[in-house]
Amino acid sequence: MTRRSCTLYAVGVICSTLLVVGIGLVVSQVFRTFMHNRLKKEIVLVEGSRVFESWKSPPPPVYMEYFFFNMTNENEFLVSGAKPVVKQIGPYTYREYRSKDNVSMVENGEKVSAYNTKTFVFLREKSVGDPTVDNITTVNIPAWAVMNELKGSFWKASMASVMMNSVGSDLFTTRTVDELLWGYEDPLLTRIASLKSVEKVFGLMYKKNGTNNGEFVYHTGEQNYMDYGHVETWKGQRQLDFWTSNQSNSINGSDGSAFHPFLDKNERIYIFSPDLCRSIHMEFEKDVEVKGIPAYRFTPPRSVLASKEENPANEGFCVTPKECLGTGLLKVSPCRKGAPVVASFPHFYLGEEKYVAAIEGMSPKREHHQTYLDLNPTTGVIVRANKRAQINILLSRMSGFPKTRNLNETIFPVMFINETVVIDDASAARVHKLLLIVTLVSNFPLLIVGLGAIMLAIFIILLYRAHKQKNEVKRTVFTKPLYATSNEEDTSYSAVSDKEKEDPQNGTYIGLTAKSEPQE
């Protein structure tokens, strides 16, 4: 066997081996399965895992923006029933520091317990003004909470009305942003506190700075990666007791801080929100990219806050059959001590048009008022998020309170929040590195197939050249020149002259002359 044929044989063997092995690995997905299993073991809530420390103390900065609706026609609204006119003022921005405290493993390490502590620090450079100076005219929430509590008894309502007049508590109040957020001593609550045990101070974020909202117990994800970060219990409860159906009271999904790896576009993402006193779900909207990291955008669909007619599953969120609100609203008074608080998306986004039309100054826009999560599908890491929610108060005519006689039922907006986070550069670099490793290892069989394809091309080229050379050898025939007219005996070699001429470079010149006939 010649050297050329050996080379051809070797290239053919290598080519076939690479292709068979590579295609086999691609079909069996051995490397892909190996990498996925490795990630599933790394992304768990246990000491020493890849994500545990960042779960306890998230590095990306979180910002909380507060936007208030300033009432500009209070007298016209109360006296003549005119449409309320509001002007949005904000943002007042705070840096939100999150940490999980008192972290401990429970149930033999299968679950982890923690308290979610939030601390807020005001950022003047990201705000429109000074919250200790800027005034907002809005609904007097303590007064409406008291009226709502006593509206069923005419006698008690009349007594409360007299008390409100004596302390100067009106249906609307003007307070600084700082007071509305972090609390002020309300005169009506102070008077009631002398009769029964109630909190004198009211604030939308009162006792929510530097505090937590109860103990959470989470699944670690070790038993099933799909349960990673899911809430098992909140305040020791597996079910809530605010609503009228088991489905509505269910605690589903995570708390919004962790999501399982290998997300699918067709799945629903569930999040339990203590602020809304319920679980909500999100669905895939579109592919996005944040700092070069691919992500799936998930957002709550209209059905989450749809009316019971539009989504019968939401009937359990009706406080009573007569207190079912329309699409886009959720009355959360059961978990707000009876106060007529209504939650919605900002500017009644995804809500019925009648709620938007009832308030002059509402202008729902998707880009400004949509809640969404951008999650990297491989790791489940949050690369960007915007949580947006609006707090409203249900205003209506109440028996025993003469000041409400000219009011029609109105969902009045007080403020909305915009909680934002974008992955920081250091975390983004780590995610990029991890995704690169996953891609290289998962696609290693394709590299083998590629090498096999290259070797196949080389093999084909060598085979073609060998075949071509073989055909050329077969066609080669040694024949005489067509112009030859005599045989070998007709010529002889002789010197050009009697004396051979020597050339130092080319040697002796030889002349080819005709053989002479012998003389007779």
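Every chain is numbered on its own, with residues counted from 1 as its sequence reads. Local features in a predicted model are, by the rule used here, given only for residues with pLDDT of at least 70; side-chain atom pairs are given and counted only at 80 or more, and totals for whole chains, interfaces and linings are based on all residues. Hydrogen atoms and water are omitted, and side-chain values are computed over all heavy atoms in the structure.

### With respect to helix H6 (residues 154–167)
Where helices and strands are cited, they refer to DSSP runs of H or I of at least four residues and of E of at least two residues respectively, numbered from the N terminus. Working rule for helices: expected span equals 1.5 Å times residues minus one. The end-to-end C-alpha distance of H6, which contains 14 residues, comes to 20 Å, matching closely the 20 Å that a straight helix rising 1.5 Å per residue would cover. Relative accessibility under 20% of the residue-type maximum defines a buried residue, over 50% an exposed one, and the middle range a partly exposed one, all with a 1.4 Å probe and only protein chains included. Taken together, the buried positions of H6 are occupied by Ala157, Ala160, Ser161, Met163 and Met164. Summarising the axial view, the buried residues of H6 lie within an arc of 165 degrees, below the 170-degree limit, and thus occupy one face. The exposed set on the far side of H6, more than 90 degrees from its buried face, consists of Trp155 and Val162. Here, two residues are considered to be in contact whenever any of their heavy atoms come within 4.5 Å of each other. Next to the buried residues of H6 lie helix H5 (141–150) and helix H8 (187–193). Once H6 ends, the next one or two residues include Gly168, with phi positive near 75 degrees. The arc in question is the one spanned by the directions pointing from the helix axis to the C-beta atoms.

### Digging into the packing of aromatic side chains
A pair of Phe, Tyr and Trp rings is counted when the ring centres sit within 6.5 Å of each other, with Trp represented by its six-membered ring. The angle between the planes then sorts it: under 30 degrees is stacked, over 60 is edge-to-face, the rest tilted. Enumeration over the complete set of coordinates arrives at 21 aromatic pairs. Between Phe67 and Phe416, the aromatic rings sit 4.6 Å apart at their centres with planes inclined by 10 degrees, giving stacked as the arrangement. With Phe67 in strand E1 (residues 62–71) and Phe416 in strand E17 (residues 410–422), the pair connects residues that are 349 residues apart, well separated along the chain. With respect to class, Phe67 is no different from Phe416; both count as buried. Centroid distance Trp243 to Phe317: 5.2 Å. Interplanar angle 75 degrees. Geometry classified as edge-to-face. Placement of Trp243 in the loop between strand E9 (231–234) and strand E10 (269–273) and of Phe317 in the loop between strand E12 (293–299) and strand E13 (330–331) is noted, with a sequence separation of 74 residues between them. For Trp243, a relative accessible area of 7% translates into the label buried. With relative accessibility at 10%, the residue Phe317 sits in the buried group. Note on geometry: a ring has a charge over it if NZ (lysine) or CZ (arginine) is within 6 Å of the ring centre and within 35 degrees of the ring normal. Residue placement shows Arg278 over the ring face of Phe317; its charged tip is 3.9 Å from the ring centre. The aromatic ring of Tyr372 is capped on one face by Arg297, whose charged end is 3.8 Å from the ring centroid.

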